[in-house]
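As a plain string of letters, each chain reads:
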Amino acid sequence: MMNRPPRRGLMTATALCYCVVVLMLVSSSCSGSTTATPDTGSIKVHPTPSGSPASADHRTTMSPPVDPPPIPISDSTTSLPAGKMPAGDGRSNAPLVGLVVVLDPGHNGRNGSHSREINRLVNAGGFQKACNTTGTADSGYAESRFNFETAQRVRTVLSALGATVVMTRENDEGWGPCIDQRGLTTETAGADVLVSIHADGAGVGAHGFHVIYPGSIPGYTAMTAPRASVLAIALRDAMVARGFEPATYVGSKGLIARSDLGTLNRSGVPAVMIECGNMHNRADLAKLRSPDGQDAIASAIASALVSTRSTLTGLPPASAAVR
Ligand code: ZN
């Protein structure tokens, strides 16, 4: 499928090549390629994102583009103090008025019983990849549910700050949408930014969050990746300020660039994905399940968007009182 005409001139070319992919046999992290089995919902998780030496989850004729190295941590964008939220009540001076945000709760609650549909290959940014995956789960708590619950909290906070929020799915009872459509929602929504919400499934001893920003792919993310990395840093800082620890098992200081994620690659505007924690780790899971933990994540995402708004949109920052 061809890209639609570029919005704001950010995307300049369509895909140059389409690569043949043999169906992925096993998965990497929840955001990448967890595969479903028919009607069982059983899950296979291999916490080996692209770029990791252990990554071997793709059987492709051409690998996705090589990821760039992580950005230096010293490039940090100032974020709001921990526990402080920008004031906003929908008035014209609310800090996110005019900003259109696509929120993407990863996966969906019924993906596991639609393996044929979610294993269909789609254009994930110049290469083919499964439409979607089941995500991870632990102790009866599915990642798709966490993603959706948290996204709803994020929507509430962003809306109160004046943003227009578009969700890629409105419930946790269906399957899909495919990763390409999640990214392309930014075009139909006229969005400024996309934030995809996930939780990971790594070894029980691994813990912490990480923020993923796209590598630079000509015709896809080349024009948006630099601004996405600024948002990723701001979000990382906002999470740390709220007591979340950067992942001990992936990335560098809570950040990693990946070029294999269709949701990010197909977005026409800056896009980041946050893996909020490791569901297989007891302490992480407790935090992810708790309303306070989900509210803290929502606060961090809001803070990061407020602090990077002018970078994302090219517009002057709105006045943002802090309470
Ligand atoms: Zn996921």
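Residues numbered from 1 in each chain as written. Predicted model: local features only at pLDDT ≥ 70, side-chain atom pairs only at ≥ 80, totals over all residues. Heavy atoms only, no water.

S.K.: Lay out the side chain of D172 in plain terms, naming residues and giving numbers.
M.R.: Its place among the elements puts D172 in the loop between β8 (164–167) and α3 (179–188). Those residues in contact with D172 that sit more than four places away from it in its chain are N108, G109, R110, S144, R145 and F148. (Helix = DSSP H or I, 4+ residues; strand = E, 2+ residues; numbered from the N terminus. Contact = heavy atoms within 4.5 Å.)

S.K.: Please give an account of the pairing of strand β3 (residues 100–105) that cites residues and values.
M.R.: Counting buried residues along β3, 6 of its 6 residues qualify, which places the element largely inside the surrounding structure. The alternating pattern of β3 places V100, V102 and D104 on one face and V101, L103 and P105 on the opposite face, and all of these are buried. Pairing of β3 with β8 involves 4 bridges; the strand directions are parallel. Across the sheet, V101 pairs through a bridge with V165, a residue of β8. For β3 and strand β9 (residues 193–200), the ladder comprises 5 bridges, and the chain directions are parallel. Bridge pairing in β9 links P105 to I197. (Buried < 20%, exposed > 50% of the residue type's maximum accessible area, 1.4 Å probe, protein only. Pairing = 2+ DSSP bridges.)

S.K.: Lay out the sheet that holds strand β11 (residues 255–258) with the relevant residues and their values.
M.R.: One key point about sheets: their strands pair by backbone hydrogen bonds, in either a parallel or an antiparallel sense. Across the sheet, which stays open at both edges, the 6 strands sit in the order β8-β3-β9-β12-β10-β11 with mixed pairing between neighbours. Edge positions in the open sheet fall to β8 and β11, since each of these has one partner strand only. The mean inter-strand angle of the sheet, taken between neighbouring strand axes irrespective of direction, is 25°. (Axes fitted to C-alpha atoms, helices over the stretch in contact; angles between N-to-C directions.)

S.K.: Please set out the nonpolar core residue by residue, giving values where relevant.
M.R.: Counting residues in hydrophobic clusters, the biggest one holds 48 residues, and the most contacted among them are L158, I197, L235, V272 and L305. Ranked by residues supplied to this core, first place goes to helix α7 (residues 291–313) with 10 residues. (Core = buried A, V, L, I, M, F, W, Y, C linked by side-chain atoms within 4.5 Å.)

S.K.: Residues and numbers for the packing of aromatic side chains, please.
M.R.: For the structure shown, the criterion picks out 0 aromatic pairs. Stacked on the ring of F244, the Lys or Arg K287 has its end atom at 4.1 Å from the ring centre. (Phe/Tyr/Trp six-rings, centres within 6.5 Å; stacked < 30°, edge-to-face > 60°. Lys NZ or Arg CZ within 6 Å of the ring centre and 35° of its normal.)

S.K.: Quick rundown of the pairing of strand β12 (residues 271–278)? Include the residues and the values.
M.R.: Across the 8 residues that make up β12, a large majority, 8, are buried. Relative to β12, β9 runs parallel, the two sharing 6 bridges. Bridging from a neighbouring strand, H198 pairs with E275 of β12.

S.K.: Which residues make up the packing of helix α2 (residues 143–160) against α7, and what are the values?
M.R.: In contact at an axis separation of 9 Å, α2 and α7 are set at 50° when each is read in the N-to-C sense. With respect to α7, the element α2 is oriented oblique. Crossing geometry of α2 relative to α7 is assigned as right-handed. Across the interface between the two elements, F146, E149, T150, R153, V154, V157 and L158 from α2 touch P291, Q294, D295, I297, A298, I301, A302 and L305 from α7. In terms of residue class, the contact of α2 with α7 is built from 10 nonpolar, 2 polar and 3 charged. (Parallel < 35°, antiparallel > 145°, perpendicular 65-115°, else oblique. Left-handed = near helix turned anticlockwise from the far one by under 90°. Nonpolar A, V, L, I, M, F, W, Y, C, P; charged D, E, K, R; others polar.)

S.K.: Break down helix α6 (residues 282–289) for me, with residues and values.
M.R.: Each full turn of the α-helix corresponds to 3.6 residues, which orients residues three or four apart in the same direction. Restricting attention to buried positions, one finds in α6 the residues D284, L285 and L288. The buried residues of α6 all sit within an arc of 100° when viewed along its axis, so they share a single face. Away from the buried face of α6 by more than 90 degrees, exposed residues R282 and A283 are located. The secondary structure elements touched by the buried residues of α6 are β6 (137–138), β7 (141–142), α2, β9, β12 and α7. In this structure N281 caps α6, since a side-chain oxygen of it lies 3.2 Å from the backbone nitrogen of A283. (Arc of directions from axis to C-beta. Polar contact = N/O pair within 3.5 Å; in protein donor to acceptor, adjacent residues only side chain to side chain.)

S.K.: Give a description of the confidence of the model for the protein that names residues and reports values.
M.R.: Close reading of the predicted structure is inappropriate where its pLDDT is low. Of the residues in the protein, 69% have a pLDDT of 70 or more, and the chain-wide mean is 80. Residue range residues 1–29 is modelled with pLDDT below 50. Its contacts to residues more than four positions away, or to other chains, number 92 contacts. In the predicted structure, residues 31–63 sits below a pLDDT of 50 and forms 102 contacts with residues beyond four places in sequence or in another chain. (pLDDT = per-residue confidence, 0-100.)

S.K.: Can you lay out α3 for me, pointing to particular residues and giving the numbers?
M.R.: Within α3, 8 of the 10 residues are buried, which leaves the element mostly enclosed by the surrounding structure. Listing the buried residues of α3 in full gives I179, D180, R182, G183, L184, T185, T186 and E187. Where α3 is buried, its residues contact β3, β4 (121–123), β5 (128–130), β8, β9 and α5 (262–265). G190 lies just past α3 and shows a positive phi near 60°.

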